[in-house]
Amino acid sequence: MTTISTDPAASTSPASSVTTPGRRRPGGGLGSYLLVRFLLIFPTILILVTTVFVMMRSTGDPITAALGGRLTSEQLAERIHEAGYDRPIIEQYLDYLGGILRGDFGTTISDNRPVTEVLLTYGTATLELAMYALLVAFAVGIPLGRIAAARRDRGVDATLRVSAVVAYATPVFFAGMLLKLVFSVWLGWLPVAGRASTGAEIQMQRNGAGTGIYLIDAISTGDGEVVRDVLEHAVLPAIALGLLTAGVFLRLVRTNVIGSLATGYVEAARSRGVPERRLLRKHAWRPALVPIITVIGLQIAMLLAGAVLTETTFEWKGLGFQLVQYLLARDYVAVQGMVAMLAVIVALTNFVVDVIAALVDPRVRF
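Residues numbered from 1 in each chain as written. Predicted model: local features only at pLDDT ≥ 70, side-chain atom pairs only at ≥ 80, totals over all residues. Heavy atoms only, no water.

On to the UniProt feature "transmembrane region" (unreviewed entry) in the protein chain, then. Following the UniProt record, one finds the feature "transmembrane region" (unreviewed entry) at residues 34-56, 129-150, 162-189, 234-253, 288-309 and 333-360. As annotated, residues 162-189 comprises 82% helix and 0% strand, and the C-alpha atoms at either end are separated by 28 Å. Spanning residues 234-253, this segment combines 100% helix with 0% strand, and its end C-alpha atoms are found 26 Å apart. (UniProt positions renumbered as here; feature names shortened; annotations may be inferred. Helix = DSSP H or I, 4+ residues; strand = E, 2+ residues; numbered from the N terminus.)

Written out as structure tokens, the structure reads:
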């Protein structure tokens, strides 16, 4: 027998108040996703900073590593005591973390400079080089990846895939030396090394904006020759570093666009007679963007790692070039501070990439 409830409360209760267990309520997805991603920055940085600290301390105290053999044992012991490296390792670690929270990454041993000053002085050069390399990677990898996807399993596709593997597998320093040999030594088209010629640097110091980013400083001088000089010096380093990432982008774009072209909604559009070019541009491209955007964050770390070899090859005086100098001087305080700062940059960059990916495709929030 069926019973009918006469309870007014039961008859007037909205259906929306009834929720099925295990079902996610709509709303608030983006905010909670971004909050979780933002909070993950802190343990990520802590793990990276701790790893760097432990690795640097595993070689002994930095004073002995940098100055051992150049000071007497008494002078060495005095310097170690003044720097606090004779204290328990846990105290040194806590002091180091406290300094990072205050923005203090230590003081270099070889030239007695605050690491933050070194980062500000040379960091703009590395940032500028990374931006140039990303532009090369985007300009080369993404269009060629779309072409390879549109001509799948044809001669053009095979050639581009092989080229991508070669670009990715070629060591940065070898690509840099090869580019210098061809375009600087044989053809004489571009400068061999440096960020700018001496005359251009003097002009930027006198009339530039003083940002440390040479392109901005060159533009602010109002002299077209200075701008041209800066861009000519940037071409070869940008290509050497950018082709490494371009190879990754090409294969990633190709794979994801092909996957998008095989989805049901694209097949339905194709059956309605939509041209292949429109299918690629309007239907398959945006869904393929999400993994590409995600990988960009990982490539930032690769660019910073590749910048060490690129800057050394082209004498591009950025963080990578200076890091090598401190390594040669066995100045582990400087190395530790610079690597920790790079870890912070990579963690923040990945957060920004996560935000962009969530805005492009809401599905990543869940």
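Once the structure has been displayed, the description carries forward.
A separate point is the environment of Gly318. Looking at the secondary structure, you find Gly318 in the loop between helix 13 (276-314) and helix 14 (319-328). Residue Gly318 is classed as buried on the basis of its relative accessible area of 0%. Distance from Gly318 to Ala307, taken between C-alpha atoms, is 8.3 Å for residues eleven residues apart in sequence. What Gly318 contacts, discounting residues up to four positions off in sequence, is Tyr122, Ala125, Thr126 and Glu311. (Buried < 20%, exposed > 50% of the residue type's maximum accessible area, 1.4 Å probe, protein only. Contact = heavy atoms within 4.5 Å.)

Looking now at the pattern of salt bridges. Two side chains carrying opposite charge are able to pair once their charged atoms lie near each other. Considering all chains together, one arrives at seven salt bridges under this definition. A salt bridge links Glu128 to Arg195; the nearest nitrogen and oxygen atoms lie 2.6 Å apart. One end of the pair, Glu128, is in helix 6 (residues 115-150); the other, Arg195, is in the loop between helix 8 (172-186) and helix 9 (198-207), with 67 residues separating them in the sequence. Across the salt bridge formed by Arg228 and Glu232, the nearest N and O atoms sit 3.1 Å from each other. (Salt bridge = Lys/Arg side-chain N within 4 Å of Asp/Glu carboxyl O.)

Going through the model one piece at a time under the given rule, you end up with six aromatic pairs. For the pair Phe38 and Phe351, a centre-to-centre distance of 5.7 Å together with 65° between the ring planes defines the contact as edge-to-face. Pair noted here: Phe38 is in helix 2 (residues 29-57) and Phe351 is in helix 15 (residues 332-360), with a separation of 313 residues, a long-range link. With a relative accessible area of 19%, Phe351 lands in the buried category. (Phe/Tyr/Trp six-rings, centres within 6.5 Å; stacked < 30°, edge-to-face > 60°.)

A few words now on the layout of surface pockets. One number sums up the size of the largest pocket: a volume of about 530 Å³. Lining the largest pocket are 21 residues, with Ala83, Tyr85, Gly106, Thr107 and Val333 positioned closest to its centre. Secondary structure elements with two or more residues in the lining of the largest pocket: helix 4 (73-83), helix 5 (89-101) and helix 15. If you tally residues by element for the lining of the largest pocket, the top one is helix 5, at four residues. By residue class, the composition of the lining of the largest pocket is seven nonpolar, seven polar and seven charged. (1 Å grid on protein atoms, 1.4 Å probe; cavity = no way out; pocket = protein on both sides within 12 Å on 5 of 7 lines; lining within 4 Å. Points joined across faces, edges and corners; volume = space filled by probe spheres on them. Nonpolar A, V, L, I, M, F, W, Y, C, P; charged D, E, K, R; others polar.)

Applying the stated criterion to the full structure yields one cavity of 30 Å³ or more. Each pocket or cavity is described by its volume, and for the largest cavity that value is around 40 Å³. Around the largest cavity, the lining residues are Thr126, Leu304, Ala307, Val308, Glu311, Leu319, Gly320, Leu323 and Leu342. Among the elements of the structure, helix 13 and helix 14 are those that each provide at least two residues to the lining of the largest cavity. The element best represented in the lining of the largest cavity is helix 13, accounting for four residues. Here the lining of the largest cavity is composed, by residue class, of six nonpolar, two polar and one charged.

Turning our attention to the packing of helix 9 against helix 11 (residues 224-261). Taken N-terminus to C-terminus, the directions of helix 9 and helix 11 make an angle of 125°; their axes are 10 Å apart at the nearest point. Between helix 9 and helix 11, the angle falls in the class oblique. Along this stretch, helix 9 crosses helix 11, giving a crossing that reads as left-handed. Counted together, Ala200, Gln203 and Met204 of helix 9 and Val226, Asp229 and Val230 of helix 11 form the full contact between these two elements. Its residues assigned to classes, the contact of helix 9 with helix 11 shows four nonpolar, one polar and one charged. (Axes fitted to C-alpha atoms, helices over the stretch in contact; angles between N-to-C directions. Parallel < 35°, antiparallel > 145°, perpendicular 65-115°, else oblique. Left-handed = near helix turned anticlockwise from the far one by under 90°.)

This part covers the nonpolar core. In this structure, Met204, Val230 and Met338 are the most contacted members of the largest nonpolar core, which totals 49 residues. Shared between two domains, this core holds at least three residues of each, these being domain 1 (29-104 + 330-365) and domain 2 (123-328). Formed by eleven residues, the second largest nonpolar core is a distinct cluster that contains Ile142, Ala149, Leu252 and Ile292. (Core = buried A, V, L, I, M, F, W, Y, C linked by side-chain atoms within 4.5 Å. Domains from an automatic or database assignment.)

So, on to unusual backbone geometry. Located in the positive-phi region is Asn112, a residue other than glycine, with phi close to 55°. Structurally, the position occupied by Asn112 is in the loop between helix 5 and helix 6. Of note, Glu315 is a non-glycine position whose phi angle comes to about 50°, a positive value. Take Glu315: it is sitting in the loop between helix 13 and helix 14.

Counting all residues, the mean pLDDT for the protein chain is 79, and 83% of those residues have values of 70 or more. Confidence drops under a pLDDT of 50 for residues 1-28, and excluding neighbours within four residues, the segment shows three contacts in the predicted structure. (pLDDT = per-residue confidence, 0-100.)

So, on to helix 10 (residues 214-221). Along helix 10, the residues that are buried comprise Tyr214, Asp217, Ala218 and Thr221. Buried residues along helix 10 cover an arc of 100° about the axis, so they all sit on one side. (Arc of directions from axis to C-beta.)

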